Amino acid sequence: MKNKTRLAGFTLLLCIVFQSCLKILDKSPFNILPEDEILLSESGVEAYMASLYNLLPVEDFNFSPRAGFNVWNSGTFLSHLTEEALASSGDAQTTIGNGEWLSYWPYNGVRNVNNLISKLPSANLSTTAKNTFMGEAKFVRAYYYFGMVKRYGGIPLITQVQQFTPGDIASLQVPRNTEKEIYDFIAKELDEAAELLPAVNGKGKANKTTAWALKSRAMIYAASIAKYGTPDLDGLVGIPPGDANTYWTAAFNAAEKVLEDTRYALYNGRPDKAENFQQLFLDQNNSEVIFAKYFVYPEKAHSYDLWRLPFAVRSPDGYGSREGPTLEMCEAFEYVDGTPGTLKLVDNSGNPIHYANPVDIFANKDPRFFATILHPFADWRGTAIEVRAGLIDGGAEVTAGNYNTLYNPATHQIDNVNGTIHIIGLNGIGGGTELSQTGFYIKKYMNPAYERSTVRGWTSTQAFIDLRLGEVLLNYAEAAIELNDVPSAKWAVNEIRDRAGIRLLNDAEVTRDRVRHERMVELAFESHRYWDLRRWRLADQVLNNTSFSAILPYLDLDANAYIFRRKPVGYAKTFHARMYYEKISNGEREKNPNLEQNPNY
């Protein structure tokens, strides 16, 4: 149908490159930098832009619900708020939030970008430089507003620098615009950014295609809310249903523009499909990356590896095993023949299947599974991640709460003196802290070249990919299927599946649910699933006092083979319907009484 290839990646400029950024971030929100500081030179504007980029709502490795962009204050990840993962057994979470965990109110940043936009026309810069900086500023401003609207619905739309006049605080207390008005502003702003931005920009900066990619994302959010949400508060939240197709079309067209840029291509250079998908997230200059956030040690790094290394190979500092994929998430990955990914635990008679090699239970799974998740007994840097829940001896189950507990098969007794077999694996499941509750660990983004003895906090430097071609193809497919354009949806989804190495879909199989399912698998643990469930208005159904499961491997001593059982674990997750919109903080409403609160808070 179509043959579209793409190339090159662009990553987010780090504020730490320019010392002047640090000065800017220390400014009071009502202080406007003197014009000669900002506009005296191109490098001055570069530094100012770096500070603006640094405030983008990129939900990267350092992002955490409850703690914003400082995960150390929480240890909670977006995946914990969905069916993707559970926290470790040492992280006794009992809730997925109350509508106050995901605050983002960057009006200081909005003021600074408004300031730059107002001054650029008179700057002592070339026309080309002015246009590029203006395009970047509009991209950044659109992203700020997208970060807010997806949380709160309508918010105050401020596009000019507000000046405080003593005795006139009321003029600064701007009421909320409707959610539709904010999304329309984002669309317009990104259109203008794309017109101004060059096709190729410096590393770490937005370019023309970056703007189209972000627009494709923002517009599927607007379309979903129009189609599946319910307007309230005279449009402050929700979008009229009649506008849904307008936004689906805008998303489709924006994605089409990205797909027409032949500099970008799905990462597909390795014959081993699992290795190829794994390297996509480690190769920092690959053809699929449209926009990413770079990290540099020691100035600005993250702790992704520290938080996620399995227990047996964790850092000397600990903290590992904090994100355990659920069995349900693992079974979402199909088999390569396209059949459902439910693991084969029992035979047709209901008897446990014995696996002489325990990894064989995962044979023929979607290669993305092996690149995304470390399953029981998978290899990590030459170490098998031993996940054993217990033993079966003579049909009787033997378990323990401690790895050091030994079993004597000759006497059929627990025997820490003469025993020869550890009852449970070093990676659990059997109690203790810093163990996966589910038997699974994260592999996506994990750096296998990082020697565990040197893993520390704030030392990892993998780039976080914020916009990539795989997502844009799925935005395109979703918009297409919602517009009843099955051929376009089929082409886009099959581009993804072909790269993954699994059976392609036929026309009858290309449905809205299949497109959504493909998104869940392809974009797992990339900070999309929670927001997707919200915008589709499915979160209160998928997460309605819902428990998720672990896989429990048992070594059957008589058969010298493994059997597997599933077991509900962790707390039951519940998403309350009011959480489709975040609560506007009491502090902001005290400063601005014109901010009407969202429903049911």
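Fair warning: this is a prediction, and the values are worked out from it, not measured in the lab. (Residues numbered from 1 in each chain as written. Predicted model: local features only at pLDDT ≥ 70, side-chain atom pairs only at ≥ 80, totals over all residues. Heavy atoms only, no water.)

A. The arrangement of the packing of aromatic side chains in detail. Following the criterion strictly, the structure yields 34 aromatic pairs and no others. Taking the centre distance of 4.9 Å and the plane angle of 50° together, the rings of Trp72 and Trp307 count as tilted. Taken together, the residues span a long stretch of sequence, with Trp72 in the loop between helix 3 (42-53) and strand 2 (85-86) and Trp307 in helix 10 (residues 304-308) at a distance of 235 residues. Ring geometry for Phe77 against Trp307: centres 6.0 Å apart, planes inclined by 80°, an arrangement best described as edge-to-face. (Phe/Tyr/Trp six-rings, centres within 6.5 Å; stacked < 30°, edge-to-face > 60°. Helix = DSSP H or I, 4+ residues; strand = E, 2+ residues; numbered from the N terminus.)

B. Expanded view of the pattern of salt bridges. Throughout the structure, instances matching the rule amount to 46 salt bridges. Across the salt bridge formed by Glu189 and Lys138, the nearest N and O atoms sit 3.5 Å from each other. Separated by 51 residues along the polypeptide, Glu189 in helix 6 (residues 179-196) and Lys138 in helix 5 (residues 127-152) bring together distant segments of the chain. Of the two residues examined, Glu189 and Lys138, each falls in the buried class. Between Asp184 and Lys180 there is a salt bridge; the shortest N-O distance is 3.2 Å. Taken as a pair, Asp184 and Lys180 lie in helix 6 at a separation of 4 residues, close to a single helical turn. Its relative accessible area of 32% is what places Asp184 among the partly exposed residues. (Salt bridge = Lys/Arg side-chain N within 4 Å of Asp/Glu carboxyl O. Buried < 20%, exposed > 50% of the residue type's maximum accessible area, 1.4 Å probe, protein only.)

C. Representation of the sheet that holds strand 12 (residues 421-422) within the structure. Sheet architecture is open: 3 strands sit in the order 11-10-12, paired in antiparallel fashion. A single partner strand is all that each edge strand has here, and the edge strands are strand 11 (413-414) and strand 12. As defined by bridge partners, strand 10 (residues 406-408) adjoins strand 11 across 2 bridges and the pair is classed as antiparallel. Bridge assignment links Tyr407 to a residue of strand 11, and that residue is Ile414. (Pairing = 2+ DSSP bridges.)

D. Fine view of the pairing of strand 15 (residues 546-556). Judged by how many residues are buried, strand 15 sits mostly within the fold: 10 of 11 residues are covered. Bridge analysis of strand 8 (residues 390-393) against strand 15 gives 3 bridges, and the strand direction is parallel. Following the sheet pairing, Leu391 is matched in strand 15 by Leu555. In this sheet, strand 16 (residues 561-573) lies alongside strand 15 in antiparallel orientation, the contact comprising 10 bridges. In the sheet register, Tyr554 faces strand 16, and the bridge partner there is Ile563. Here strand 15 folds back onto strand 16 in antiparallel fashion, the turn holding 4 residues, of which Asn560 has a positive phi close to 50°.

E. Fine view of unusual backbone geometry. Looking along the chain, the bond that leaves Tyr297 and enters Pro298 is cis, with omega of 5°. Considering the arrangement of structural elements, one finds Pro298 in the loop between strand 3 (289-293) and helix 10. Even without a glycine there, the phi angle at Asn560 is positive, about 50°. If you trace the backbone, Asn560 turns up in the loop between strand 15 and strand 16. Asn560 sits in the exposed class, given a relative accessible area of 59%. A positive phi is found at Asn600, a non-glycine position, where the angle reads about 70°.

F. Expanded view of the environment of Glu181. Examined against the element boundaries, Glu181 turns out to sit in helix 6. Here Glu181 falls in the partly exposed class, since its relative accessible area comes to 38%. It is 40 Å that separates the C-alpha atoms of Glu181 and Ile373, two residues lying 192 residues apart in sequence. Separated by 3.1 Å, the side chains of Glu181 and Asn177 make a polar contact. (Polar contact = N/O pair within 3.5 Å; in protein donor to acceptor, adjacent residues only side chain to side chain.)

G. Up close: the packing of helix 13 (residues 469-482) against helix 14 (residues 486-500). The N-to-C vectors of helix 13 and helix 14 enclose an angle of 155°; their axes lie 8 Å apart at closest approach. It follows from the interaxial angle that helix 13 and helix 14 lie roughly antiparallel. Viewed along their axes, helix 13 and helix 14 form a crossing whose handedness is left-handed. In contact with Gly470, Leu473, Leu474, Tyr476, Ala477, Ala480 and Ile481 of helix 13, helix 14 contributes Val486, Ser488, Ala489, Trp491, Ala492, Val493, Glu495 and Ile496. The residue makeup of the contact of helix 13 with helix 14, split by class, is 12 nonpolar, 2 polar and 1 charged. (Axes fitted to C-alpha atoms, helices over the stretch in contact; angles between N-to-C directions. Parallel < 35°, antiparallel > 145°, perpendicular 65-115°, else oblique. Left-handed = near helix turned anticlockwise from the far one by under 90°. Contact = heavy atoms within 4.5 Å. Nonpolar A, V, L, I, M, F, W, Y, C, P; charged D, E, K, R; others polar.)

H. Just the sheet that holds strand 15, in detail. With mixed pairing, the 4 strands of this open sheet are ordered in space as 9-8-15-16. Either end of the sheet is taken by a strand with one partner, and the two such strands are strand 9 (396-398) and strand 16. For this sheet, the mean inter-axis angle between neighbouring strands, taken without regard to orientation, is 35°. Here 3 bridges tie strand 8 to strand 9, and the two strands are oriented antiparallel to one another. Paired with Ile392 across the bridge in strand 9 is Glu397.

I. The side chain of Asn494, seen in detail. Relative to the helices and strands, Asn494 resides in helix 14. A relative accessible area of 9% means that Asn494 is categorised as buried.

J. Examining the confidence of the model for the protein more closely. For the protein, per-residue confidence averages 91 on the pLDDT scale, and residues scoring 70 or more make up 93% of the total. Taken together, the stretch residues 1-32 has pLDDT below 50 and engages in 108 contacts with residues farther than four places along the chain or on a different chain. (pLDDT = per-residue confidence, 0-100.)

K. Quick peek at the packing of helix 9 (residues 273-280) against helix 14. Viewed as axis vectors pointing N to C, helix 9 and helix 14 meet at an angle of 110°, and their least axial separation amounts to 8 Å. As judged from the angle between their axes, helix 9 and helix 14 are roughly perpendicular. Touching Lys273, Asn276, Phe277 and Leu280 of helix 9 are Asp498, Arg499 and Ala500, all from helix 14. Partitioned by chemical class, the residues of the contact of helix 9 with helix 14 number 3 nonpolar, 1 polar and 3 charged.

L. Broad picture of the nonpolar core. By size, the foremost hydrophobic cluster in this structure holds 179 residues, and its most contacted members are Phe139, Tyr145, Tyr183 and Ile186. At 14 residues, the largest contribution of residues to this core is made by helix 5. Beyond its immediate chain neighbours, meaning those up to four positions away, Ile186 contacts Ala142, Tyr145, Phe146, Val149 and Ala218. (Core = buried A, V, L, I, M, F, W, Y, C linked by side-chain atoms within 4.5 Å.)

M. Layout of helix 4 (residues 107-119). With 13 residues, helix 4 should reach 18 Å at 1.5 Å per residue; the first-to-last C-alpha distance of 18 Å fits that figure. The buried count for helix 4 comes to 11 of 13 residues, which makes it a mostly enclosed element. Residues of helix 4 that are buried: Tyr107, Gly109, Val110, Arg111, Asn112, Val113, Asn114, Asn115, Leu116, Ile117 and Lys119. (Expected span 1.5 Å × (residues − 1).)

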